[in-house]
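# Coordinate analysis (summary)
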Amino acid sequence: MDVSGGSGQPRSGNDESAEPQAQPTAPAADPTGPAAAPTTGPGPRAGADTPGSESGGAETPDSGSRGAEMPGSGARSAEVSPSDREPDSGPSDPSSSSGAFGPTGSSGPSEPSDPSEPSSPSGSSRPAGSREPAGGPRRAGDHDGAGGPRHRAEAHTDGAGGPGRPPQRRPEPGGGLLMGRPFGVPVYVAPSWFLVAILITWVFGGQLDRVLPELGAARYLVSLFFAVAFYASVLVHELAHTVAALRFKLPVRRIQLQFFGGVSEIEKEAETPGREFVLAFVGPLLSLVLSGVFYAALLPVEPDSVAGVLLAGLMVSNLIVAVFNLLPGLPLDGGRMLRAVVWKLTGKPMSGTIAAAWVGRALAIAVLIGLPLLTQSLGSDAADDVGMDTVMDALLAAILAAIIWTGAGNSLRMARLREHLPELRARALTRRAVPVPADTPLSEALRRANASGARALVVVDGEGTPASLVREAAIVGVPEHRRPWVAVSTLAQDLTDGMRVSAELSGEELLDALRANPATEYLVVEETGEIYGVLSAADVERAFVKAMARPS
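Residues numbered from 1 in each chain as written. Predicted model: local features only at pLDDT ≥ 70, side-chain atom pairs only at ≥ 80, totals over all residues. Heavy atoms only, no water.

Below, the discussion takes up the overall build of the chain. Scanning the chain for helices and strands turns up twelve helices and twelve strands. Going through the 552 residues of the chain one by one, you find that 52% of them count as buried. Partitioning the intrachain contacts of the chain with sequence separation of at least 6 by distance along the chain shows that 73% fall at a separation of at least 24. For the chain, the exposed area adds up to about 24,200 Å²; of that, 63% sits on carbon and sulfur atoms. (Helix = DSSP H or I, 4+ residues; strand = E, 2+ residues; numbered from the N terminus. Buried < 20%, exposed > 50% of the residue type's maximum accessible area, 1.4 Å probe, protein only. Contact = heavy atoms within 4.5 Å. Areas by Shrake-Rupley, 256 points an atom, 1.4 Å probe, with all protein chains shown as cover.)

Now for the sheet that holds strand E11 (residues 521–525). What the three strands build is an open sheet, ordered E10-E11-E12; its pairing is mixed. At either end of the open sheet lies a strand with only one pairing partner, and these are strand E10 (500–502) and strand E12 (531–536). Taken pair by pair, the neighbouring strands of this sheet meet at an average axis angle of 35 degrees, ignoring direction. Pairing between E10 and E11: three bridges, direction parallel. (Pairing = 2+ DSSP bridges. Axes fitted to C-alpha atoms, helices over the stretch in contact; angles between N-to-C directions.)

What follows deals with the pattern of salt bridges. Taken as a whole, this structure holds 15 salt bridges when the rule is applied. One salt bridge in this structure joins Asp-209 and Arg-219, with 3.9 Å as the shortest N-O distance. Linking Asp-209 in helix H1 (residues 191–211) with Arg-219 in helix H2 (residues 219–247), this pair joins segments that are ten residues apart in sequence. When the shortest N-O distance is used, the salt bridge between Glu-265 and Arg-254 registers 2.9 Å. Residue Glu-265 is found in strand E5 (residues 261–266), and its partner Arg-254 is found in strand E4 (residues 252–258); the two are separated by eleven residues along the sequence. On the accessibility criterion, Arg-254 (10% relative accessible area) is buried. What emerges from the salt-bridge pattern is a single network uniting Glu-269, Glu-276, Arg-336 and Arg-339. (Salt bridge = Lys/Arg side-chain N within 4 Å of Asp/Glu carboxyl O.)

Moving on, we get to the sheet that holds strand E9 (residues 492–494). With mixed pairing, the four strands of this open sheet are ordered in space as E6-E7-E8-E9. Where the open sheet ends on each side, the last strands, each with one partner, are strand E6 (433–437) and E9. Taking the axes of each pair of neighbouring strands and ignoring which way they run, one obtains an average angle of 35 degrees across the sheet. Where strand E7 (residues 456–460) lies against strand E8 (residues 466–470), three bridges are found, and the strand directions are antiparallel.

Turning our attention to the pairing of E7. Counting buried positions along E7 yields five of five residues, so the element is predominantly enclosed. Neither face of E7 is left uncovered, since the one carrying Ala-456, Val-458 and Val-460 and the one carrying Leu-457 and Val-459 both have all their residues buried. The turn linking E7 back onto E8 is made up of five residues, and Gly-464 within it adopts a positive phi angle of 85 degrees.

Time to look at helix H4 (residues 306–325). The end-to-end C-alpha distance of H4 is 28 Å, a good match for the 28 Å that 20 residues give at a rise of 1.5 Å each. Here H4 has its buried residues at Gly-308, Val-309, Leu-310, Leu-311, Gly-313, Leu-314, Met-315, Ser-317, Asn-318, Val-321, Ala-322 and Asn-325. Lining the buried residues of H4 we find H1, H2, helix H3 (273–298) and helix H5 (333–346). (Expected span 1.5 Å × (residues − 1).)

Let us now look at a nonpolar patch on the surface. A contiguous nonpolar surface patch, about 950 Å² in accessible area, is contributed by Phe-277, Val-278, Phe-281, Leu-285, Leu-288, Val-289, Val-293, Leu-319, Val-323, Leu-326, Val-341 and Leu-345. Every element with two or more residues in the nonpolar patch is listed here: H3, H4 and H5. Among the elements that take part in the nonpolar patch, H3 stands out by supplying seven residues, more than any other. Position of Val-278 relative to the elements: it lies in helix H3. (Patch = residues over 30% accessible without salt bridge, like charges linked within 9 Å, V, L, I, M, F, W, Y side chains within 5 Å.)

Within the secondary structure layout, Glu-472 lies in helix H10 (residues 472–476). At 2.9 Å, the side chain of Glu-472 forms a polar contact with the side chain of Arg-431. (Polar contact = N/O pair within 3.5 Å; in protein donor to acceptor, adjacent residues only side chain to side chain.)

Rendered as structure tokens:
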């Protein structure tokens, strides 16, 4: 069985940020000048609440619910639009209002979660990397207070590893004991495998006792060998999926051998229904081939010998694996084949997923009811065996049914995820930011951001090169009366190359970039190197959760 999109799932997603369409870095407003009128471009809009009031925004279908204000904000002011900027071409919501952070107030959002934890929509955050000098030609705007010079802010974007550095390697997926890397794909044995190995050894050992009683206690060594050989056959089944996926240029995260077989975690979906069908069919096909090989090897061997019993057991077990996986319901291979057929007929992959998932749920009910009845009709008639066998068969059927039912549900959720992933766009989720020198007091930096309608701070060096990002959670921890004496550099997280993301990223590419370089904030840059703003992992998380909750 293979699972497409096994990673995944992002998980830092978020609803949408308070600024659905943030502008590039804005210069500070002149505090002595007249109040600026709200901009008409796609940047965030600010209201006219008095300092200390809670900011709010009308929710619209496009913008979704507002993100939390920047820490220390309660005041909102009219946003100053940079005169030397072109309006963003992306979608924006003119009706939504956003709170700019200011020098008053002390409440704020909790620290954003780590986008590298796909299994939970909210996780603990952690810093990413240590200080590295930013490379490449860059210029950032440096505001020296009111009326200070305005410069174009730029950041280096020469790839993930920076100039002269190799790209950062993705962290290992984990998942148990690493057994090897065939075709470059890590193979893990989950802890649950050892439990099923013990179970197989015990059950098969009991059968050997009836067939070859002369073995005595040695039958359990033979049974253990059978358990290992059977899972080696399962590994061959999964490697068939893996080789096909790599042939179609689909990345495979890992292979994991677990309680009920194995899983090949293919990170992307096949581009065509034909490839989807082939990708699903090669696994059962290899199991059928193995069953035939063991049958051919069994012919010249004495059936009542140890070799004969082992070969017969492996032949039957591989045949069962092939037939079971060909059942037409997700998450089984037959379900993916059915999905490919419906996809081909309708032209809609989501329709294929829905059909195969519901067939999978019906199959789960059939296994729950039918498997105990089938085994009871074919089993022993001895009174001593009926009770225990019935309980074991019912337990096995319940576990199999639960796995199939939950797998079908997960397939539906993953399909809905892929359908909504394009809605996650770095450009739409980015917060407007202002550049500040490292020695700028926090209170002054917040005042500049408030005047510009920004919700993030980028610390720049003397040449205007971005050096670090002021952490949202760190601002929350600074009492208001201490902010004039706290430099922004003491609250900043040093920028690494992985913390620079392109404003053009969206969907899976965006989530992959965040997972590969866990952080709470990221510097978003244009293709030209110009700073676009700051992306918060918490904003991505909320947008992701909202997209998943939206009906297909």
